[in-house]
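Notes for the structure review
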Amino acid sequence: MDERDFSDARDSTLDALKAFVAGEPLVEGLWLQGSLARGDADPLSDIDAYLSVDDSAVDEIIGRRELILASLRPVIAWSDATTPGLKAVHALLDGGVRLDLFFEAASQVGGQKRQAIRILVDKTDLADRLVLGWEAPVGVVGRIIAVIVRMTRQGGTWPLRTLRRGQWSTFAMMELDLINAQIAQLMAVQIDTGNFYQNPFSLYRRVSPDQQAVLDQLTSEALAALANRDTRAMLMVHLKVLDALVREGHAACAALGVAYPITEGGDAALNRLLQDAWPS
């Protein structure tokens, strides 16, 4: 399969979804959100699709969710959403199509602001009721980022334990997460506060080329040290990771208008601890 195959499979799924909604009297409309609505999707982007369902039929339609998915495309795997109160299914369909399908009561679709909308089927007045204008709450995100900065400093000492216990696989997981989830998130929120709410797997695409280069370099050095189980080389990489966490933490807090929560002395103390206690 090439990228065109992925996009063709996704387009076919959207066509099938539109046909389902057009022929289902209990569903009043269909729209997209996410990258396909914003216009920044690529051939591998997933589908964030929303159904406006007659209030009295929401439970009925959700009860038919597996049959609905199967009518769109052969289903490889699916699951219900785990977020409390969220009525949605997440599915992997034939051809690599990723579909997040949300069910909203028709009377409630105008009750929240949305970042971007692309209406595909509108049987009633859906276009008049859907409301744009969502903006990420900078103050809320700033406070959470400050907490995350504190947490990653503590988590930055876990290698002292995992390596001394010989847990190389656990250490590898944590080190790559620090780089490609934590540092990447700090980079991404500097560009757009809304990136805080994006899937961690999409963060790399949302940072600048220079930031991508930093993530790539740290990842490459970490993988090389891990492959050789070279504890000294891993210490050098980990110290670079912490430097990046400090640098990007300062920049993210400044962008969000919150105080960086750790003193210069506190960051230096962690650096000394790692160098003194790192396993040889």
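Here, the structure is the one placed above.
How each quantity is defined
- Residues numbered from 1 in each chain as written.
- Predicted model: local features only at pLDDT ≥ 70, side-chain atom pairs only at ≥ 80, totals over all residues.
- Heavy atoms only, no water.
- Axes fitted to C-alpha atoms, helices over the stretch in contact; angles between N-to-C directions.
- Helix = DSSP H or I, 4+ residues; strand = E, 2+ residues; numbered from the N terminus.
- Parallel < 35°, antiparallel > 145°, perpendicular 65-115°, else oblique.
- Contact = heavy atoms within 4.5 Å.
- Nonpolar A, V, L, I, M, F, W, Y, C, P; charged D, E, K, R; others polar.
- Phe/Tyr/Trp six-rings, centres within 6.5 Å; stacked < 30°, edge-to-face > 60°.
- Buried < 20%, exposed > 50% of the residue type's maximum accessible area, 1.4 Å probe, protein only.
- Core = buried A, V, L, I, M, F, W, Y, C linked by side-chain atoms within 4.5 Å.
- Lys, Arg positive; Asp, Glu negative; His and termini not counted.
- Salt bridge = Lys/Arg side-chain N within 4 Å of Asp/Glu carboxyl O.
- Expected span 1.5 Å × (residues − 1).
- Pairing = 2+ DSSP bridges.
- 1 Å grid on protein atoms, 1.4 Å probe; cavity = no way out; pocket = protein on both sides within 12 Å on 5 of 7 lines; lining within 4 Å.
- Points joined across faces, edges and corners; volume = space filled by probe spheres on them.
- Left-handed = near helix turned anticlockwise from the far one by under 90°.

Geometry of a packed helix pair, given as the angle between the helix axes and the separation of the axes. As a packed pair, helix 8 (residues 168-191) and helix 10 (residues 209-228) sit with axes 11 Å apart at the nearest point and diverge in direction by 175°. Taken together, the axis directions place helix 8 and helix 10 in an arrangement best described as roughly antiparallel. Across from Trp168, Phe171, Ala172, Glu175, Leu176, Ile179, Asn180, Ile183, Ala184, Met187, Gln190 and Ile191 in helix 8, the residues of helix 10 making contact are Gln211, Val214, Leu215, Leu218, Thr219, Ala222, Leu223 and Leu226. In terms of residue class, the contact of helix 8 with helix 10 is made up of 15 nonpolar, four polar and one charged.

All chains considered together, the criterion is met by six aromatic pairs. Centre to centre, the rings of tyrosine 50 and phenylalanine 102 are 4.3 Å apart; their planes meet at 10°, and the pair counts as stacked. Linking tyrosine 50 in strand 2 (residues 47-53) with phenylalanine 102 in strand 5 (residues 97-105), this pair joins segments that are 52 residues apart in sequence. The exposure classification of tyrosine 50 matches that of phenylalanine 102, with both residues buried.

Turning to the nonpolar core, a few remarks are in order. Within the largest apolar cluster, 41 residues are counted, with the highest numbers of intra-cluster contacts made by Ile145, Ile183, Met234, Val241 and Trp278. Elements supplying a minimum of two residues to this core: helix 6 (138-155), helix 7 (158-164), helix 8, helix 10, helix 11 (231-256) and helix 12 (264-277). Counting residues in each nonpolar core, the second largest holds 28 residues, with Leu30, Leu36, Val58 and Leu99 among its members.

Summarising the element assignment, glutamate 175 is placed in helix 8. It turns out glutamate 175 is buried and unbridged, and the closest side chain with the opposite charge, lysine 240, is 11 Å from it. If near-sequence neighbours (up to four positions away) are discounted, glutamate 175 is found in contact with Pro159, Ala222, Met234, His238 and Val241.

Let us now look at the pattern of salt bridges. Within the structure shown, the criterion is met by 15 salt bridges. Linking arginine 98 and aspartate 100 is a salt bridge whose minimum nitrogen-to-oxygen distance equals 3.2 Å. Given the relative accessible area of 33%, arginine 98 is considered partly exposed. What emerges from the salt-bridge pattern is a single network uniting Glu24, Glu60 and Arg64.

Owing to its 3.6 residues per turn, the α-helix brings residues three or four apart onto one side. Here helix 12 is 14 residues long and its end C-alpha atoms lie 20 Å apart, about the 20 Å a rise of 1.5 Å per residue gives. As for helix 12, its buried residues are in contact with helix 6, helix 7 and helix 11.

Turning to the sheet that holds strand 7 (residues 118-122), a few remarks are in order. One key point about sheets: their strands pair by backbone hydrogen bonds, in either a parallel or an antiparallel sense. Pairing in this open sheet of six strands is mixed, and the strands run 3-4-5-2-1-7 from one edge to the other. The two strands at the open ends of the sheet, each matched to only one other strand, are strand 3 (75-80) and strand 7. For this sheet, the mean angle separating the axes of adjacent strands, direction not counted, is 20°. Direction of pairing for strand 1 (residues 27-33) relative to strand 2: antiparallel, over a ladder of six bridges. The partner of glutamine 33 across the bridge, within strand 2, is aspartate 48.

Further remarks concern the pairing of strand 2. Within strand 2, seven of the seven residues are buried, which leaves the element mostly enclosed by the surrounding structure. Burial of the side chains of strand 2 extends over both faces: Ile47, Ala49, Leu51 and Val53 are buried on one face and Asp48, Tyr50 and Ser52 on the other. With seven bridges connecting them, strand 2 and strand 5 associate as parallel partners. Pairing of aspartate 48 across the sheet is with aspartate 100, part of strand 5.

A few words now on the layout of surface pockets. Roughly 1,400 Å³ of internal volume is contained in the largest pocket. Every residue lining the largest pocket is counted, 43 residues in all, and those nearest its centre are Gly34, Asp48, Tyr50, Asp100 and Phe102. Within the residue set of the lining of the largest pocket, elements represented by two or more residues are helix 1 (3-23), helix 2 (35-38), strand 2, strand 5, strand 6 (113-114) and helix 9 (203-206). Looking at the lining of the largest pocket, the element that brings in the most residues is strand 5, giving seven residues. Here the lining of the largest pocket is composed, by residue class, of 15 nonpolar, 15 polar and 13 charged.

Here we come to the packing of helix 10 against helix 11. With their axes 9 Å apart at the nearest point, helix 10 and helix 11 run at an angle of 155° to one another. The pairing of helix 10 with helix 11 is recorded here as roughly antiparallel in orientation. Helix-helix and strand crossings are classified by hand; for helix 10 and helix 11 the assignment is left-handed. Contacts between helix 10 and helix 11 pair Val214, Leu218, Glu221, Ala222, Ala225 and Leu226 from the former with Ala233, Met234, Val237, Lys240, Val241, Ala244 and Arg247 from the latter.

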